[in-house]
Amino acid sequence: MSDIEHEQRLCLYTAAELEPVLQHMAQQAVQLFLPGQPLRVVGLLRRGEPLARMLADRLQPLLGLTELPVTPLRVKRYADDLSLLHRETLLEENPALAGLDLADTPLLLVDDVRYGGHSLLRSCAYLSRLGADEIRTAVLIDRCVSRQPVHADVCGIRLQIAPGDIIDCHVPPYEAEFCIELRRRG
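So, a few notes on the structure that sits alongside this text. Model, not experiment: these values are computed from the prediction. (Residues numbered from 1 in each chain as written. Predicted model: local features only at pLDDT ≥ 70, side-chain atom pairs only at ≥ 80, totals over all residues. Heavy atoms only, no water.)

1. Overview of unusual backbone geometry
Of all residues except glycine, most have a negative phi; of all peptide bonds, most are trans. Of note, the bond from L45 into R46 is cis; its omega dihedral lies within 30 degrees of zero at 20°. As for its position among the elements, R46 is in the loop between β2 (40-45) and α2 (48-63). Put simply, P172 and P173 share a cis peptide bond, and its omega is 15°. Mapping P173 onto the fold places it in the loop between β8 (166-170) and β9 (179-185). At C144, a position not held by glycine, the phi torsion is positive, near 65°. Considering the arrangement of structural elements, one finds C144 in the loop between β6 (135-142) and β7 (154-158). By relative accessible area, C144 is classed as partly exposed at 32%. (Helix = DSSP H or I, 4+ residues; strand = E, 2+ residues; numbered from the N terminus. Buried < 20%, exposed > 50% of the residue type's maximum accessible area, 1.4 Å probe, protein only.)

Below, the structure is given as C-alpha cells:
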C-alpha cells in the first residue's frame, strides 16, 4: 500500500471562512503603509499572485488609492507534495519589476504558505537588488517553522502542524474553490 492510500485530507477553512481572514490581513497591512502613498503588491506565483490580487482589492479602498498594481514574480523551490525541486530557490527575473523605480515605492510581497522561508528570502533579496527600500511580507498561512531570517509582517493564519503534513491552498483560478486543506499522512 502506498503513502497516497494512507493519506487523510481535512478541509480546515472554506471560502466563506477565509473571507474574514483576508479582511483581517488587509487591516494588518493598512497599518504598515501611509494612506494615499503609492504602493505596489508583488504576488509569488502560483498561488501567492491571486492572493495578492484579493488582498489588493481589499487594501485599495482602505488606503484611498485609485489603483493598486499587482505584479507576479515566479519563484519555485518545492513541488506541491513538498519534495525539493530546486536546492537553490529558482527565481525568474521579471522585466516589469526591473523597469520600475522601486526606491520610492513600498512593496507588499504576498505568498500563500511560509514554510522554510526560502521563497520569501530569495524574493526579498531580488527586490532589494532592484532598488526596493521597503519590502513588507504577507502570507495567508504561516507554518511557524521558518529556517530563514524572514518573517511575515501580515499573517492570516498560524498553523503548527507535523513536519510531514502538507497545507494545500486551493486558490482560484488554479482550483475551482478557495479553501485550505490539510493532507496528513499516517
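2. Brief notes about the pattern of salt bridges
Inspection of every chain in the model, using the stated rule, returns eleven salt bridges. For E49, the salt bridge identified is with R53, shortest N-O distance 2.5 Å. Of the two residues, E49 and R53 both sit in helix α2, four residues apart, roughly one turn of that helix. For R53, a relative accessible area of 38% corresponds to the partly exposed category. Between R114 and D142 there is a salt bridge, with the nearest N and O atoms lying 3.0 Å from each other. Highlighted residues: R114 in strand β5 (residues 107-114) and D142 in strand β6, separated in sequence by 28 residues. (Salt bridge = Lys/Arg side-chain N within 4 Å of Asp/Glu carboxyl O.)

3. A look at empty space enclosed by the protein
The rolling of a water-molecule-sized probe over the atoms marks out the regions of remaining empty space. In this structure the tally under the stated criterion is one cavity of 30 Å³ or more. Roughly 40 Å³ of internal volume is contained in the largest cavity. For the lining of the largest cavity, the class distribution of residues is six nonpolar, no polar and one charged. (1 Å grid on protein atoms, 1.4 Å probe; cavity = no way out; pocket = protein on both sides within 12 Å on 5 of 7 lines; lining within 4 Å. Points joined across faces, edges and corners; volume = space filled by probe spheres on them. Nonpolar A, V, L, I, M, F, W, Y, C, P; charged D, E, K, R; others polar.)

Limitation: the analysis is restricted to geometry and does not speak to function.
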